[in-house]
Amino acid sequence: MTTETTQSKTERSIEEVFNPASDAYCQNPMPQCRALAERGPMVFYPPWQAWVMTDIGDIMDCWRREYLSSDFYDWEFAPQKPNEDDWGNFEKALIGHSLVADHSHHRLIRKVVSPAFSRNVVDEIQRRIEPDIDKLLASLGEPASFDYIKQVAEHIPFITITRMIGIPEKYWDEIKPLIENFTETWNPTISEERREEVRQQCNHAIDLIKLVIAERRTSPEQDDFLSTMLELEAANPDFTEWDIITLILALIGAGADTTLMAQQWSVYALVKNPDQRDAALATPESFSNAFTEILRWSMNSKMGFARYAPEDMEVLGQQVTKGQLVLLMPHLDKMDPERFPNPEVLDVSRNFDPDILFGYGPRYCIGAAMAKRQLYLTITKLFERFPNLTLAEEPVRDNSNHNSICLKELRLQTNIG
Ligand code: HEM
């Protein structure tokens, strides 16, 4: 690169070199992510009124030490926190959320609930979702081609979450809108009308979750997540029914969109790179590594993970004021050729050390084992049913989601017969 080009690059405003809402970013985020990372470890990004933390070492340190807040209501632009006497279900679920609560309560909850995410529980959930996935794939029939997103991927978060929690099928129709829309309540950019609509759905769904819990109390021995939660509640005075409800909502909020995204990019990556398929799907362990590589290669992230300054403070040499948003963006270096030689090549044997796809430290993804198992299961079954899958056409990218690049459709050719 010539000195002149370097100079003209640094003179350009940050919004000119990095704009994840742009079509250029959607088509190829790599140059923009690298240009942002080159601006330094802590960069102010005016369009978001936010700081961006760019370096993986700094991000891990922030994850580990938790010197920033995870509470949305600590954000300078958060809506006014209503008076506690006026809280409805929705406010209790969002404001009193056990996973965004202060660090000490968060740690207590994580410790208490860890048995509910043990290997045995994940095995049991797999046993429960397997027939649903078989049914879903069988319902495709023998088509020449189909859209993987509409016909398969969109159903998976719902199947997993309802089976995982143990929500009886009679409530599925009512709970469905919540699972599909709940993540939106955490999106600061939605309109007031839409927030109100989601709030109503959320209130209704929380009543339903309470009903499911009340029913389960009368027959607790069901060897699922909810039964485990009720045992934990009985054994831990600091763990209440509200903790169970907010945890369920957290699983829905954190597990629905991520699963949908993971499904579409994983299948796309393996159909596009058939030479990587066998190695990726050889065992659940090999898939675990392959999944990190797939999400590196697909580069679908836009924003990263939100934190808020709890007070005026200096962070990585910059003065950050109380309430400012700090975005941790570990994806910026995913295409750095010094870390990942030939970064545009999907190579599922790459070594990730550290592997931070699911975060790090006290807030490491609670659903990581579940997410990987469910993906492995669906994708192996997909290729068993249709061993000769190819892309029917190159998918069109969709830039409408504020957090990640999606595919509008993923049309697959079955090549049957
Ligand atoms: C499929 C791919 C997934 C990826 C890549 C992923 C990644 C992550 C990451 C990076 C974090 C840390 C966020 C932060 O530091 O702010 C996180 C947290 C979390 N994830 Fe996941 N996740 C996935 C799926 C799931 C699923 C399926 C569930 C639930 C069933 C889930 C539940 C959660 C919860 C509850 C948290 C918050 C944990 C806490 O604050 O203690 N995730 N996830």
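Residues numbered from 1 in each chain as written. Predicted model: local features only at pLDDT ≥ 70, side-chain atom pairs only at ≥ 80, totals over all residues.

The name given to the chain in an unreviewed UniProt entry is Epothilone C/D epoxidase, with Sinobacterium norvegicum as the source organism. Under the Cofactor (unreviewed entry) heading, UniProt states for the chain: "heme". (UniProt positions renumbered as here; feature names shortened; annotations may be inferred.)

**Quick word on the overall build of the chain**
The secondary structure content of the chain amounts to 17 helices and 11 strands. Relative to a compact globule of 417 residues, whose C-alpha radius of gyration would be 22 Å, the chain shows 22 Å and is just as compact. Buried residues in the chain amount to 34% of all 417 residues. Considering only contacts in the chain between residues 6 or more positions apart, those separated by 24 or more positions represent 71%. (Helix = DSSP H or I, 4+ residues; strand = E, 2+ residues; numbered from the N terminus. Rg over C-alpha atoms; globule rule 2.2 N^0.38 Å. Buried ≥ 20, exposed ≤ 12 C-beta atoms within 10 Å, placed from the backbone. Contact = placed C-beta atoms within 7 Å.)

**Re the site of the ligand**
Surveying the vicinity of the ligand reveals 20 residues, the closest of which are Ala254, Gly255, Gly359, Cys365 and Gly367. Mapped by element, the contributors of at least two residues to the shell around the ligand are α14 (241-272) and α17 (368-385). Here the shell around the ligand takes 7 residues from α14, the largest share from any one element. Residues of the shell around the ligand, tallied by class, amount to 13 nonpolar, 5 polar and 2 charged. (Near = placed C-beta within 6 Å. Nonpolar A, V, L, I, M, F, W, Y, C, P; charged D, E, K, R; others polar.)

**Some remarks on unusual backbone geometry**
Along the chain, Asp353 connects to Pro354 via a cis peptide bond; the corresponding omega equals 5°. Turning to its location among the elements, Pro354 is positioned in the loop between β7 (325-328) and α17.

**Observations regarding the sheet that holds strand β8 (residues 390-391)**
Strand order in the open sheet formed by 3 strands is β3-β11-β8, and the pairing between neighbours is antiparallel. Since the sheet does not close on itself, it has two edges, and those belong to β3 (145-147) and β8, each with one partner. In this structure, β3 lies alongside strand β11 (residues 411-413), joined through 3 bridges in antiparallel fashion. Across the sheet, Phe146 pairs through a bridge with Leu412, a residue of β11. (Pairing = 2+ DSSP bridges.)

**With respect to the confidence of the model for the chain**
Taken as a whole, the chain shows an average pLDDT of 88; of its residues, 93% reach a score of 70 or greater. Predicted confidence for residues 1-8 stays below pLDDT 50, and this span has 1 contact to residues more than four positions away or in other chains. (pLDDT = per-residue confidence, 0-100.)

**Notes on the packing of helix α8 (residues 119-138) against helix α10 (residues 156-165)**
Close contact between α8 and α10 brings their axes to 9 Å; oriented N to C, the two are set at 140°. Here α10 runs oblique to α8, going by the angle between their axes. For the element pair α8 and α10, the recorded crossing hand is right-handed. Only Ile159, Thr160, Arg163 and Met164 of α10 make contact with α8, whose side of the interface consists of Ile125, Arg128, Ile129, Asp132 and Ile133. (Axes fitted to C-alpha atoms, helices over the stretch in contact; angles between N-to-C directions. Parallel < 35°, antiparallel > 145°, perpendicular 65-115°, else oblique. Left-handed = near helix turned anticlockwise from the far one by under 90°.)

**Considering the nonpolar core**
Counting 71 residues, the largest nonpolar core has Ile161, Ile248 and Ile252 as its most contacted members. The element best represented in this core is α14, accounting for 16 residues. The contacts of Ile161, once residues within four sequence positions are left out, are Ile179, Leu251, Ile252, Gly255 and Ala256. (Core = buried A, V, L, I, M, F, W, Y, C linked by C-beta atoms within 7 Å.)

**Some words on α8**
Between its terminal C-alpha atoms α8 stretches 28 Å, which fits the 28 Å expected from 20 residues at 1.5 Å a residue. Along α8, the helix axis deviates most sharply at Ile129, where the bend reaches about 30°; the proline Pro131 sits within four residues downstream. Listed as buried for α8 are Val122, Ile125, Ile129 and Ile133. Turning to α8, the residues buried within the fold contact α10 and α17. (Expected span 1.5 Å × (residues − 1). Bend = angle between axes of the 7 residues up to and from the residue.)

**Some remarks on the pairing of strand β1 (residues 42-45)**
The pairing of β1 with strand β2 (residues 50-53) spans 4 bridges and is antiparallel. Counted as the bridge partner of Phe44 is Trp51 from β2.

**Describing the environment of Ile209**
For Ile209, the position within the fold is in helix α12 (residues 192-218). A tally of 23 C-beta atoms within 10 Å means that Ile209 is categorised as buried. The sequence separation of Ile209 and Thr283 amounts to 74 residues, and the corresponding C-alpha distance is 36 Å. Those residues in contact with Ile209 that lie beyond four places of it in its chain are Ile245 and Ile248.

**Side note on the environment of Pro274**
Position of Pro274 relative to the elements: it lies in the loop between α14 and α15 (277-281). With 11 C-beta atoms counted inside 10 Å, the residue Pro274 sits in the exposed group. A C-alpha to C-alpha distance of 8.6 Å links Pro274 and Thr390, two positions 116 residues apart in sequence.

**Digging into the sheet that holds β7**
The strand order β1-β2-β7-β4 describes an open sheet built from 4 strands, whose pairing is mixed. On the outer flanks of this sheet lie β1 and β4 (305-308), each paired with one strand and no other. When strand polarity is set aside, the average angle formed by the axes of neighbouring strands in this sheet is 30°. For β2 and β7, the ladder comprises 4 bridges, and the chain directions are parallel. The residue of β7 that forms the bridge with Val52 is Leu327. Here helix α5 (residues 56-65) sits on the sheet in contact with β2, β4 and β7, set at roughly 110° to β2.

**A few points about α17**
In this model α17 runs 26 Å from its N-terminal to its C-terminal C-alpha over 18 residues, within 8% of the 26 Å that 1.5 Å per residue would give. Among the residues of α17, those classed as buried are Met370, Ala371, Lys372, Arg373, Gln374, Leu375, Tyr376, Thr378, Ile379 and Leu382.

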